[in-house]
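Each chain is listed here by its residues.
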Amino acid sequence: MAAGFDFIRQKHKNSDWAHFFGLDNAFFYALAIPAILEAQQANYPHPTHLYANEFLELDAKKFSTSRSHALWLNEEIDRM
């Protein structure tokens, strides 16, 4: 993931950028990956905005593909 961050940042050096991620990945996107990149390059430009999304719920349970809480495009096309 850190390599992906670095690739995107190199393409948009003079831009503000936002990062959207799930609450369960907040540690990695907000702290771990920026720390890795900062260790490799001093004063590494970090995202200017971080947005953590809450967990979605369906039937009072966490929304999850393992609970079949998903619509798959190929299945919907087959039903047409």
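Coordinates for the structure precede this section.
This section reports on the structure supplied with the text. (Residues numbered from 1 in each chain as written. Predicted model: local features only at pLDDT ≥ 70, side-chain atom pairs only at ≥ 80, totals over all residues. Heavy atoms only, no water.)

**Some words on the pairing of strand E1 (residues 18-22)**
Moving on, step 1. Of the two faces of E1, the one lined by His19 and Phe21 is fully buried and the one lined by Ala18, Phe20 and Gly22 carries no buried residue.
Moving on, step 2. In this view, the connection linking E1 to its parallel neighbour strand E2 (residues 49-53) by way of helix H2 (residues 26-40) has right-handed handedness. (Buried < 20%, exposed > 50% of the residue type's maximum accessible area, 1.4 Å probe, protein only. Helix = DSSP H or I, 4+ residues; strand = E, 2+ residues; numbered from the N terminus. Right-handed = clockwise from strand over helix to strand, strands pointing away.)

**Focus: the nonpolar core**
Across soluble globular proteins, nonpolar side chains have a tendency to be buried as a group.
Moving on, step 1. Counting residues in each nonpolar core, the largest one holds eight residues, listed as Ala2, Phe5, Trp17, Phe21, Tyr29, Ile33, Leu37 and Tyr44.
Moving on, step 2. Elements represented by at least two residues in this core include exactly helix H1 (2-11) and H2.
Moving on, step 3. Leave out the neighbours within four places in its chain, and Ile33 touches Met1, Ala2, Phe5 and Phe28. (Core = buried A, V, L, I, M, F, W, Y, C linked by side-chain atoms within 4.5 Å. Contact = heavy atoms within 4.5 Å.)

**With respect to a nonpolar patch on the surface**
Moving on, step 1. On the surface, a nonpolar cluster with roughly 450 Å² of combined accessible area is contributed by Met1, Phe27, Phe28 and Leu31.
Moving on, step 2. Along the chain, Met1 turns up in the segment before H1.
Moving on, step 3. The exposed category is assigned to Met1, whose relative accessible area is 58%. (Patch = residues over 30% accessible without salt bridge, like charges linked within 9 Å, V, L, I, M, F, W, Y side chains within 5 Å. Areas by Shrake-Rupley, 256 points an atom, 1.4 Å probe, with all protein chains shown as cover. Salt bridge = Lys/Arg side-chain N within 4 Å of Asp/Glu carboxyl O.)

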